[in-house]
Amino acid sequence: MSLNKTPSADRIHIGFFGKRNAGKSSVVNAVTGQELAVVSQIKGTTTDPVWKAMELLPLGPVVVIDTPGIDDEGDLGALRVRKARQILNKTDVAVLIVDGTVGITAPEQELLDIFQEKQIPYVVAFNKEDLIDTKDSIPGFSVTENTIRISAKTGFQIEDLKEKIGQLTVRQEPERRIVGELLNPLDLVVLVTPIDKAAPKGRLILPQQQTIRDILDSDAIAVTVKENQLKSTLEQLKKQPAMVITDSQVFGKVNEDVPRQVPLTSFSILFARYKGSLETVVQGAAAIETLQDGDKVLISEGCTHHRQCDDIGSVKIPRWLKEYTKKQLQIHLSSGTEFPEDLSDYQLIIHCGGCMLNEREMKYRLKCAQDQVVPITNYGIAIAYMQGILRRSVELFPEVLAKLPQQEG
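Quick caveat: nothing in here was measured; it's all calculated off a predicted structure.

Trainee: Can you explain the pairing of strand β9 (residues 243-246)? Please cite residues and give values.
Mentor: Of the two faces of β9, the one holding Met243 and Ile245 and the one holding Val244 and Thr246 are both buried throughout. Across 3 bridges, β9 lies against strand β10 (residues 264-266) in parallel orientation. Residue pairing in the sheet places Ile245 in a bridge with Thr265 of β10. Handedness of the crossover is the feature at issue here: the chain leaves β9, passes through helix α7 (residues 251-257), returns alongside β10, and the resulting connection is right-handed.

Trainee: Tell me about the confidence of the model for the chain, and please be specific about residues and values.
Mentor: Low pLDDT marks regions whose predicted coordinates should not be analysed in detail. Looking at the chain, pLDDT values average 85 and 84% of them are 70 or higher. Counting interchain partners and residues more than four positions distant, the pLDDT-below-50 stretch residues 37-47 has 23 contacts.

Trainee: So, the sheet that holds strand β13 (residues 346-351): which residues are in play, and what are the values?
Mentor: Across the sheet, which stays open at both edges, the 4 strands sit in the order β12-β11-β13-β14 with parallel pairing between neighbours. The open sheet has two free edges, formed respectively by β12 (330-335) and β14 (376-378), since each of these has just one partner strand. When strand polarity is set aside, the average angle formed by the axes of neighbouring strands in this sheet is 25°. Summarising the sheet, strand β11 (residues 296-301) and β12 pair through 6 bridges and their orientation is parallel. Note on β12: the bridge partner recorded for Ile299 is Leu333.

Trainee: I'd like a rundown of the side chain of Asp295, residues and numbers included.
Mentor: Within the element layout of this structure, Asp295 appears in the loop between α9 (278-284) and β11. Lys327 provides the closest opposite charge to the buried, salt-bridge-free Asp295, at an N-O distance of 8.7 Å. Not counting the four nearest positions on each side in its chain, Asp295 is found in contact with Thr290, Gln328, Leu329, Gln330 and Gln347.

Trainee: Kindly report on the sheet that holds strand β8 (residues 221-225), identifying the contributing residues and their values.
Mentor: The strand order β8-β7-β9-β10 describes an open sheet built from 4 strands, whose pairing is parallel. Both outer strands of the open sheet, β8 and β10, are each paired with one neighbouring strand and no more. Across this sheet, the average inter-strand angle for adjacent strands is 25°, counted without regard to direction. Pairing between strand β7 (residues 188-192) and β9: 4 bridges, direction parallel. Residue pairing in the sheet places Val190 in a bridge with Val244 of β9.

Trainee: Lay out helix α3 (residues 106-117) in plain terms, naming residues and giving numbers.
Mentor: If you check α3, its first and last C-alpha atoms are 16 Å apart, about what 12 residues at 1.5 Å a residue would give, namely 16 Å. Among all positions in α3, only Glu108, Leu111, Leu112, Ile114 and Phe115 are buried. Each buried residue of α3 lies within a common arc of 160° when the element is viewed along its axis, so the set occupies one face. Opposite the buried face of α3, at more than 90 degrees from it, the exposed residues are Ala106 and Glu117.

Trainee: Could you give an account of the nonpolar core, with specific residues and numbers?
Mentor: Within the largest apolar cluster, 70 residues are counted, with the highest numbers of intra-cluster contacts made by Leu278, Ile317, Leu321, Leu343 and Ile350. Ranked by residue count, the leading element in this core is helix α12 (residues 379-386), at 7 residues. For Ile317, the contacting residues outside a window of four places in its chain are Ile299, Ile312, Ile350, Tyr379 and Ile383. Counting 23 residues, the second-largest nonpolar core is a separate cluster that includes Val64, Val93, Ile148 and Ile165.

Trainee: Could you give an account of the packing of helix α10 (residues 312-325) against α12, naming the residues involved and the relevant values?
Mentor: Interhelical geometry of α10 versus α12 gives an angle of 30° and a closest axis separation of 11 Å. Relative to α12, the element α10 lies roughly parallel. Our pair here, α10 against α12, has a crossing hand that is left-handed. Residues Ile312, Gly313, Ile317, Trp320, Leu321 and Tyr324 of α10 lie in contact with α12, whose contacting residues are Tyr379, Ile383, Tyr385 and Met386. Classifying every residue of the contact of α10 with α12 gives 9 nonpolar, 1 polar and no charged.

Scoring rules and cut-offs
Residues numbered from 1 in each chain as written. Predicted model: local features only at pLDDT ≥ 70, side-chain atom pairs only at ≥ 80, totals over all residues. Heavy atoms only, no water. Buried < 20%, exposed > 50% of the residue type's maximum accessible area, 1.4 Å probe, protein only. Helix = DSSP H or I, 4+ residues; strand = E, 2+ residues; numbered from the N terminus. Pairing = 2+ DSSP bridges. Right-handed = clockwise from strand over helix to strand, strands pointing away. pLDDT = per-residue confidence, 0-100. Contact = heavy atoms within 4.5 Å. Axes fitted to C-alpha atoms, helices over the stretch in contact; angles between N-to-C directions. Lys, Arg positive; Asp, Glu negative; His and termini not counted. Salt bridge = Lys/Arg side-chain N within 4 Å of Asp/Glu carboxyl O. Expected span 1.5 Å × (residues − 1). Arc of directions from axis to C-beta. Core = buried A, V, L, I, M, F, W, Y, C linked by side-chain atoms within 4.5 Å. Parallel < 35°, antiparallel > 145°, perpendicular 65-115°, else oblique. Left-handed = near helix turned anticlockwise from the far one by under 90°. Nonpolar A, V, L, I, M, F, W, Y, C, P; charged D, E, K, R; others polar.

Here's what the structure looks like:
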């Protein structure tokens, strides 16, 4: 896929890690052929992760991430190190940059242990080859498929490093589809997309764009309407839609307007399936029934945006939760990369659809919840559950429907 066609969440995320002054930023610039990162002899020049979505030949569409030094010092340094560790949760391929004049030390070994623990494919690049006598041994270096000696300054073996990274990014799984494999050519799909204060001016949100594109790629027909146009649109159609896909916020109204024989689901449910988490988050919805006064609920979004007065995450879902459960709940919010490591205080996590998160990051968040035995669901599924229409909304997926919790509000 070309640069313009591939959302950042679907790109290979390549993270560059290492100690301060190992030459990470210089290597990033050499690999990308661009001045993406500021280079200086002063330790700790990179203070925050630097992200860049780009086309990197021969790899294709990627996101390149330059991280702060893992050995940064002081309170601010500790914050930078924490940020670097957070990047690991969404890193598909890690590149560990080692100062070849020094070799592997404790911080690098700690990173290697984390790569292996998280099962992140990695390559170790021993930089500053121009300063090393080729006869000298480098502490920690041995010739393997995971190691390479390079020089960002002279360009020595930079192309070979790119080839090694490329070999690690090859994905074996078949291409994922959002909805395409459920459709036949000329099938009609109606998409319900509310246009309110929360809608971005002049465009559709990313899940809607991606779903429309997937429908068109399947040679099916996409009809996009606002919620107040749905009923009249369905009446005017000459054939029954193959399905209706709705924004979760208007699930209740759409459910009333769509005839029972027409399959109905939501963008949020489709993206949970796309990210490989649908069964987990469907089962997690049952925890809504067990919430008690004082329980803590984490509502987490994968992106950061200006919250509107009736924001779905911070306003609507908390309101619907309290109306449904009749309990006094403590609602906590997180957004962007700020997903808590310790989830043990929460009785439920309600996550967004994760359209801005790559697959590894979404799986990491799910695993954190599962490891700490905290139920996790998502926006669309929680809303459908509270409105008593979850069973209908997952009928397109029989294997998930079979494991659906029986009790609904």
